[in-house]
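Observations on the model geometry
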Amino acid sequence: MESPLKEIYQGVLDGDMGAVQTNVQAAIDAGMPAGDVLQSGLIAAMGEVGQLFEDGEYFVPEMLIAARAMKAGLAILQPLLVDSGVEPVGKVAIGTVKGDLHDIGKNLVAMMLEGAGFEIVDLGTDVAPDQFVAAVKDGVNLVGLSALLTTTMPSMATTIQALDAAGLRDKVKVMIGGAPVTAEYARQIGADGFAPDASQAVTLAKSLVG
Ligand code: B1M
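Residues numbered from 1 in each chain as written. Predicted model: local features only at pLDDT ≥ 70, side-chain atom pairs only at ≥ 80, totals over all residues. Heavy atoms only, no water.

1. Some words on a nonpolar patch on the surface
There is a patch of nonpolar side chains on the surface, built from Phe-53, Val-60 and Leu-64 and spanning about 280 Å² of accessible area. When you line up the elements, Val-60 lands in helix 4 (residues 60-81). (Patch = residues over 30% accessible without salt bridge, like charges linked within 9 Å, V, L, I, M, F, W, Y side chains within 5 Å. Areas by Shrake-Rupley, 256 points an atom, 1.4 Å probe, with all protein chains shown as cover. Salt bridge = Lys/Arg side-chain N within 4 Å of Asp/Glu carboxyl O. Helix = DSSP H or I, 4+ residues; strand = E, 2+ residues; numbered from the N terminus.)

2. Side note on the coordination of the cobalt atom of the ligand
Among all protein atoms, only His-102 (NE2) binds the cobalt atom of the ligand, sitting 2.2 Å from it. Tracing the chain through its elements places His-102 in the loop between strand 1 (90-97) and helix 5 (104-115). (Donors = N, O, S within 2.8 Å, 3.2 Å for Na, K, Ca; no water.)

3. Re the sheet that holds strand 4 (residues 173-177)
Strands pair in a sheet through their backbones, by hydrogen bonds, and they do so in one of two ways: parallel or antiparallel. Strand order in the open sheet formed by five strands is 2-1-3-4-5, with parallel pairing between adjacent strands. Whereas interior strands pair on both sides, the edge strands pair on one side only; in this sheet they are strand 2 (118-127) and strand 5 (193-194). In terms of strand pairing, strand 1 meets strand 2 through seven bridges, oriented parallel. Within strand 2, the residue paired with Ala-93 across the bridge is Val-121. Where helix 7 (residues 154-165) meets the sheet, its contacts fall on strand 1, strand 3 (142-146) and strand 4, and the angle it forms with strand 4 comes to roughly 175°. Relative to the sheet, helix 9 (residues 198-209) contacts strand 2, strand 3, strand 4 and strand 5, its axis offset from that of strand 4 by approximately 165°. (Pairing = 2+ DSSP bridges. Contact = heavy atoms within 4.5 Å. Axes fitted to C-alpha atoms, helices over the stretch in contact; angles between N-to-C directions.)

4. Comments concerning the site of the ligand
Lining the immediate environment of the ligand, one finds 36 residues, of which Glu-54, Leu-101, His-102, Asp-103 and Ser-146 sit closest. Backbone polar atom of Gly-99 to a nitrogen atom of the ligand: 3.0 Å apart, as the coordinates give it. Elements supplying a minimum of two residues to the shell around the ligand: helix 3 (34-54), helix 4, helix 5, strand 3, strand 4 and helix 9. Counting residues per element, the shell around the ligand draws most heavily on helix 4, which supplies six residues. When its residues are assigned to classes, the shell around the ligand shows 22 nonpolar, nine polar and five charged. (Near = heavy atom within 4 Å. Polar contact = N/O pair within 3.5 Å; in protein donor to acceptor, adjacent residues only side chain to side chain. Nonpolar A, V, L, I, M, F, W, Y, C, P; charged D, E, K, R; others polar.)

5. Description of the domain arrangement of the protein chain
Assigned domains of the protein chain: these are domain 1 (3-83) and domain 2 (91-209). One C-alpha centre belongs to domain 1, the other to domain 2, and the line joining them spans 25 Å. Listed by partner, the interface residues are eleven residues for domain 1 and eight residues for domain 2. Interface area for domain 1 against domain 2, summed over the two sides, is near 810 Å², with a carbon-plus-sulfur share of 77%. Viewed at the interface, domain 2 and domain 1 are joined by one salt bridge. Among the salt bridges present, the one from Asp-103 reaches Lys-71, with a minimum N-O distance of 3.0 Å. (Domains from an automatic or database assignment. Buried area = accessible area lost by both parts, 1.4 Å probe.)

6. Re the nonpolar core
In this structure, Val-37, Leu-42 and Leu-77 are the most contacted members of the largest nonpolar core, which totals 45 residues. Three or more residues apiece are contributed to this core by two domains, here domain 1 (3-83) and domain 2 (91-209). With residues near it in sequence (within four places) discarded, Val-37 still touches Leu-5, Ile-8, Val-24, Ala-27, Ile-28, Met-32, Leu-42 and Leu-77. Formed by 25 residues, the second largest nonpolar core is a distinct cluster that contains Ala-93, Val-127, Val-133 and Val-136. (Core = buried A, V, L, I, M, F, W, Y, C linked by side-chain atoms within 4.5 Å. Buried < 20%, exposed > 50% of the residue type's maximum accessible area, 1.4 Å probe, protein only.)

7. What to know about the packing of helix 2 (residues 17-29) against helix 4
Viewed as axis vectors pointing N to C, helix 2 and helix 4 meet at an angle of 25°, and their least axial separation amounts to 8 Å. Taken together, the axis directions place helix 2 and helix 4 in an arrangement best described as roughly parallel. Both helix 2 and helix 4 take part in a crossing whose hand is right-handed. Where helix 2 abuts helix 4, its residues Met-17, Val-20, Gln-21, Val-24, Gln-25 and Ile-28 lie against Arg-68, Ala-69, Ala-72, Gly-73, Ile-76, Leu-77 and Leu-80. A breakdown of the residues in the contact of helix 2 with helix 4 according to their chemical character gives nine nonpolar, three polar and one charged. (Parallel < 35°, antiparallel > 145°, perpendicular 65-115°, else oblique. Left-handed = near helix turned anticlockwise from the far one by under 90°.)

8. A word on unusual backbone geometry
The backbone of Asp-126 sits at a positive phi, close to 55°, despite the residue not being glycine. As for its placement among the helices and strands, Asp-126 is situated in strand 2. Assessed through its relative accessible area of 31%, Asp-126 is described here as partly exposed.

Set out below in structure tokens:
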């Protein structure tokens, strides 16, 4: 691992926002691709934060400050990952489902979709099924549902059922993702597709609206 990446990784683990910002900028200035900084620095470190939480070494406050540090790094990468000026290829309403407050992955997917030319309606976190229904009534052609908790995954199914009940299911494609979500689960609840990460979410979104 090269030095700025190591510092970024450690900065996220320590929740040291300043160190993350300084080293993300240093990595970019040194010519490192933004995608590498994201994957090998920020995302890799957040994976370890999750492991430390599971092992009982980190608690919610540590997760929160790690997330804040990661977001500070992402803010620097965002303009580099989002290549603007492209004609919208589709309009996506994206949100983290009801009961779930995790937004880093959802934001990353939104950012990458925007970079690929999609218009984004970001509904935020803890999004109730009727909010997705309202967005579809407003004219989005793709709905993106994110869930990070096994306990909130059923809200994905509830959202699809709400679209169905509103008579809108055949007017919109639904893609789902998030750490505990699988392709099998997508099939089970009648989603149109599942993507394991942000770049595959772009490929999937293009194929769904194409
Ligand atoms: Co939470 N948390 N958390 N947490 N948290 C997890 C998810 C957990 C796995 C940690 C663990 O135990 N190892 C665990 C869930 C266990 C489970 O459900 N089985 C957990 C828990 C238990 C909790 C609380 C219940 C803790 C508590 O209060 N006791 C609580 C729940 C709050 C709530 O939501 N109601 C909670 C709270 C929090 C914080 C607020 C402290 C913070 C979130 C801050 C924020 O998001 N603003 C937090 C964090 C940071 C995590 C971990 C450590 C990191 C999540 C993250 O940002 N990853 C996480 C552990 C982990 O996932 N390893 C954990 C980085 C991000 C880039 O990855 O979100 O997976 P990810 O997104 C990826 C892909 O999944 C995919 O693309 C993204 C980019 O590649 N993807 C999509 C995501 N959405 C997609 C949508 C798509 C397509 C792809 O299409 C639409």
